[in-house]
Amino acid sequence: RALLPIPVAAAAKETVTVGVGNRSDLEDLHLYATPREQRFRRFASLEFEGQLYMTPYDFIQAVTSDEPKHAKKWRSLSKQELNQILMETPPVWKGSSKLFRNLNEKGVISYTEYLFLLCILTKPHAGFRIAFNMFDTDGNEMVDKKEFLVLQEIFRKKNEKREKRGDEEKRAMLRLQLYGYHTPTNSVLKTEGEDLVPRSYWDTLRRSTSQALFSDLAEHADDISSSLSDTTLLVHFFGKKGKAELNFEDFYRFMDNLQTEVLEIEFLSYSNGMNTISEEDFAHILLRYTNVENTSSYLENMRCSIPEEKGITFEEFRSFFQFLNNLEDFTIAMQMYNFASRSIGQDEFKRAVYVATGVKLSPHLVNTVFKIFDVDRDDQLSYKEFIGIMKDRLNRGFRGYKPIQRYTTFKSCVRKELYSR
C-alpha cells in the first residue's frame, strides 16, 4: 500500500522530457552514471532548466522502496510553478518528523542535497555537532547559505573522481542534469594519492570543509548561488530571501526529525496501525537492505527460537537504528572482546552497545537480534557476520535493494486482524 498519497492534480499534469538532448540520448546517460546517480535519476520526477530534482515524496520512496511505484517521467516545471512551491515551504522552526510527508510533492531536492540527506540517515546524534561545525567555516556558531553551498562544490568534485570514462559530451549532459550547470574538469580540492582510496561522501565532506577556508571553494559559493535555483531545503534553512542563518538547535532538530520520519514510515508499513511489529517483520526490515542472498535460514531460526510472539515497539525499533548509526564504535568494543577470547552472549552484547554508543536496548530486542543472527543456536553472537550484515544495512540508498518479503507468521496475521476490528 502507498504510504504517501499522490495528488491527482499533480499526477494528471502533462509530463515532458528534459530539455537536454533527445530521449535516446537521455536514456544512454544511465550507462555513464554511478549507482547513486542512477538511483537518483530513477526516482526523480521533476526537471527545471535541464536539472533533475526529487520531490520530498520521491526521496521517501527512494529510501524506503525498491523501485518507484510508478514509471517516472520527468515533469518540466515552469518558473512560476517552482516559485509557488518555494513560497509554500515552511521555515526551519516549523519543522517536524512529518515534514517530508506533509510536503509530499510540493518540494524540490537536488542531487547534492539527496547525497547530504542520505548521509544524515546513517549518522549518530553525536555526529550532528561535527556536521554543523563542518558547515560553520567561520566559527560563528551559525551557518549561512553561502557556507552551506560549499556542500555543492564538495560533492560535485567528489563525484568527478568517480565518473565513468566515456563520451565526454554524454558526461557533460549528465553533469548538467545533476548539478544544473556545466562543470570544469579541473579540481579545486587537493588530489593527493589518498584520494585514490574510496571514501564515503560523509568522509569527503568532513575532510573537505576543513579545507574550504584555504581554497577558493568558499569564494566560488556566490557564483554557485547565482547560477543555481533555490530548493526546498535552501528555503527551509535560510528563508525565502536566503538571508536567514541556521543555528545548531534547528540543524540538530532537522537531522533528528529526518531520521525519525524515515523510521516511522518503515515501521508503519508493517504495523498495520498497531503499536508493534512482529519479530519476523523486524527481521525482514533488517535483512532487506543487505547482500544476504538466502534469508530463509535466519528467519526459520528466529521462528523456532521465538515461538511466542511479543512484538517490537517503535521505541525499540528506533533505539536499534540509533545503535546501528554508532556501529563503528560498537565494532571496536566487539574487537576488545575478541582479543580477550571472550564469547559474546546477550549480556556482553547489551553492555557493549551501551558503553560504545550510550544506547540502551531492551532485553527483548537483544534476544530477538540474537535469535535472528545466532544461526548455530549456541546463544553466542558471531559478531563478524553480524557487523558485516549490518554495515550493508547502513548503506541505505547506496547499494542494491532486496525486494520486500511479507511472509508474516500466521499468528501475527491473526493478531493484527483481531486488533484491527
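Residues numbered from 1 in each chain as written. Predicted model: local features only at pLDDT ≥ 70, side-chain atom pairs only at ≥ 80, totals over all residues. Heavy atoms only, no water.

Asks: How should I be thinking about the overall build of the chain in this particular structure?
Replies: Along the chain, the regular secondary structure elements total 22 helices and seven strands. Expressed as a percentage of the 421 residues in the chain, the buried residues total 55%. With an accessible surface of roughly 19400 Å², the chain has 51% of that area assigned to carbon and sulfur atoms. (Helix = DSSP H or I, 4+ residues; strand = E, 2+ residues; numbered from the N terminus. Buried < 20%, exposed > 50% of the residue type's maximum accessible area, 1.4 Å probe, protein only. Areas by Shrake-Rupley, 256 points an atom, 1.4 Å probe, with all protein chains shown as cover.)

Asks: Explain the sheet that holds strand β1 (residues 46-48) to me, please; I cannot follow it from the model alone.
Replies: Strand pairs in the sheet, formed through backbone hydrogen bonds, run parallel or antiparallel to each other. Strand order in the open sheet made by the three strands is β2-β1-β3, with mixed pairing throughout. Since the sheet does not close on itself, it has two edges, and those belong to β2 (51-53) and β3 (75-76), each with one partner. By the bridge criterion, two bridges tie β1 to β3 in an arrangement that is parallel. Its bridge partner being in β3, E47 is matched across the sheet by S76. (Pairing = 2+ DSSP bridges.)

Asks: Explain the pattern of salt bridges here, please?
Replies: For side chains bearing opposite charge, pairing can occur when the charged atoms are close. Here the structure, examined in full by the defined rule, presents nine salt bridges. One salt bridge in this structure joins E88 and K106, with 3.7 Å as the shortest N-O distance. Note that E88 is positioned in the loop between α5 (79-87) and α6 (99-103) and K106 in the loop between α6 and α7 (111-121), a separation of 18 residues in sequence. Each of R101, E261 and E264 takes part in one network of salt bridges that share partners. (Salt bridge = Lys/Arg side-chain N within 4 Å of Asp/Glu carboxyl O.)

Asks: Looking at this structure, how should I read α7?
Replies: It helps to recall that an α-helix has 3.6 residues per turn; residues three or four apart then point in one direction. By the criterion of burial, α7 is predominantly enclosed, with 11 of the 11 residues buried. For α7, the set of buried residues is Y111, T112, E113, Y114, L115, F116, L117, L118, C119, I120 and L121.

Asks: Just to check I follow, could you spell out the confidence of the model for the chain for this structure?
Replies: Any residue range with low pLDDT should be treated as having predicted coordinates unsuitable for detailed reading. Here the chain shows a mean pLDDT of 76. Residues at 70 or above account for 71%. Every residue in residues 183-198 is under pLDDT 50, and counting partners more than four places away or in other chains gives 27 contacts. Every residue in residues 212-217 scores below 50 in pLDDT, and together they form 12 contacts with partners more than four places removed in sequence or on other chains. (pLDDT = per-residue confidence, 0-100. Contact = heavy atoms within 4.5 Å.)

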